[in-house]
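Next come the chains, spelled out residue by residue.
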Amino acid sequence: MIRYTLRCERGHQFESWFQSSSAYESQERRHLIDCPSCGSSKIERAIMAPQVVSKKGREPAQPAPAAPVEATGNEPTSLMMAQERELRSKLKELRDHIVKNADNVGDRFPNEARKMHYGDIEHRPIYGEASPEEARALIDEGVEVSPLPTLPEDRN
C-alpha cells in the first residue's frame, strides 16, 4: 500500500491510500478520485517528503510536516473514495428498482418463493423477509434467492 498526499484543482489537499502507484494512475486517468472538500475529480499528487528508515534501530526519520489544509467549513466527516460512493449509489439504485418493481410479501417470502419454484403459482418479482436458515433451505432446494442490498445508512 502507498499513501499519497493529493491536491485538487482548487487547492484542497488530502491523503488517500492506493494498492500501488499504477493503481493511483489508473484511477486518476478514469477520474475515479474525488476531492472530499469540493468533489472535483481533477486531482494531482502533491509534493511529499518520503519516509526514510535509518539503519540504526530501524526507526523512521521524522517526515517533514505536511502543508496545512485550509478548512472550508463544509469538510465531510469521512473521506470516502469515489469507487465506494459509486458502488453505494449503484447498490441503492438496484435496491430502489427492486422495491419499486416487485411485490413485498414480507415474512411469507420463503413460502411464496417455493410456490413459484415448484409451479404452484405464477412467477412474479417478489421480495420479503427470510431468516438465514430459511434462505439456506431455499438455496438447498434450488430456489434462486438473493439478499436485498443494504447500506450502512439504511440501518439508522
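Shown above is the structure to which this text applies.
Worth saying up front: this structure is predicted, and the values here are computed from it rather than measured. (Residues numbered from 1 in each chain as written. Predicted model: local features only at pLDDT ≥ 70, side-chain atom pairs only at ≥ 80, totals over all residues. Heavy atoms only, no water.)

(A) Region of the structure containing the overall build of the chain. What the chain contains, in helices and strands, is four helices and five strands. In the chain, the succession of helices and strands from N to C terminus is β-β-α-β-α-β-α-β-α. Considering only contacts in the chain between residues 6 or more positions apart, those separated by 24 or more positions represent 45%. With the model as given, the accessible surface of the chain reaches about 11,500 Å², and the carbon-plus-sulfur share is 51%. (Helix = DSSP H or I, 4+ residues; strand = E, 2+ residues; numbered from the N terminus. Contact = heavy atoms within 4.5 Å. Areas by Shrake-Rupley, 256 points an atom, 1.4 Å probe, with all protein chains shown as cover.)

(B) Just the packing of aromatic side chains, in detail. Here the structure, examined in full by the defined rule, presents three aromatic pairs. Taking the centre distance of 6.0 Å and the plane angle of 45 degrees together, the rings of Y4 and F18 count as tilted. Remark: F18 occurs in strand β2 (residues 13–18) and Y4 occurs in strand β1 (residues 2–8); sequence separation between them is 14 residues. The burial state of Y4 is the same as that of F18; both residues are buried. Put simply, the rings of Y4, F18 and Y24 touch in pairs and so form one group of aromatic residues. (Phe/Tyr/Trp six-rings, centres within 6.5 Å; stacked < 30°, edge-to-face > 60°. Buried < 20%, exposed > 50% of the residue type's maximum accessible area, 1.4 Å probe, protein only.)

(C) The sheet that holds β2, seen in detail. Sheet architecture is open: three strands sit in the order β2-β1-β3, paired in antiparallel fashion. Each edge of the open sheet is held by one strand with a lone partner, namely β2 and β3 (43–45). Mean inter-strand twist for the sheet, computed between neighbouring axes without regard to direction, equals 40 degrees. Pairing of β1 with β2 involves six bridges; the strand directions are antiparallel. Within β2, the residue paired with R7 across the bridge is Q13. Running over the sheet, helix α1 (residues 21–29) touches β1, β2 and β3 and is turned about 160 degrees from β3. (Pairing = 2+ DSSP bridges. Axes fitted to C-alpha atoms, helices over the stretch in contact; angles between N-to-C directions.)

(D) Representation of the pattern of salt bridges. Evaluation of the coordinates by the stated rule reveals twelve salt bridges. Between K42 and E9 there is a salt bridge whose closest N-O contact spans 4.0 Å. Here K42 is found in the loop between α1 and β3, whereas its partner E9 is found in the loop between β1 and β2, with 33 residues between them in sequence. Judged by its relative accessible area of 55%, K42 falls in the exposed class. (Salt bridge = Lys/Arg side-chain N within 4 Å of Asp/Glu carboxyl O.)

(E) The nonpolar core, seen in detail. By size, the foremost hydrophobic cluster in this structure holds nine residues: Y4, L6, C8, F14, F18, Y24, I33, C35 and I43. Of all the secondary-structure elements, those providing two or more residues to this core are β1 and β2. Element by element, the count of residues in this core is highest for β1, at three residues. I33 has contacts with L6, F14, F18, Y24, Q27, E28, S40, S41, I43 and A82, leaving out every residue within four places of it along the chain. Listed in part, the seven residues of the second largest apolar core include V105, A113, I126 and V143. (Core = buried A, V, L, I, M, F, W, Y, C linked by side-chain atoms within 4.5 Å.)

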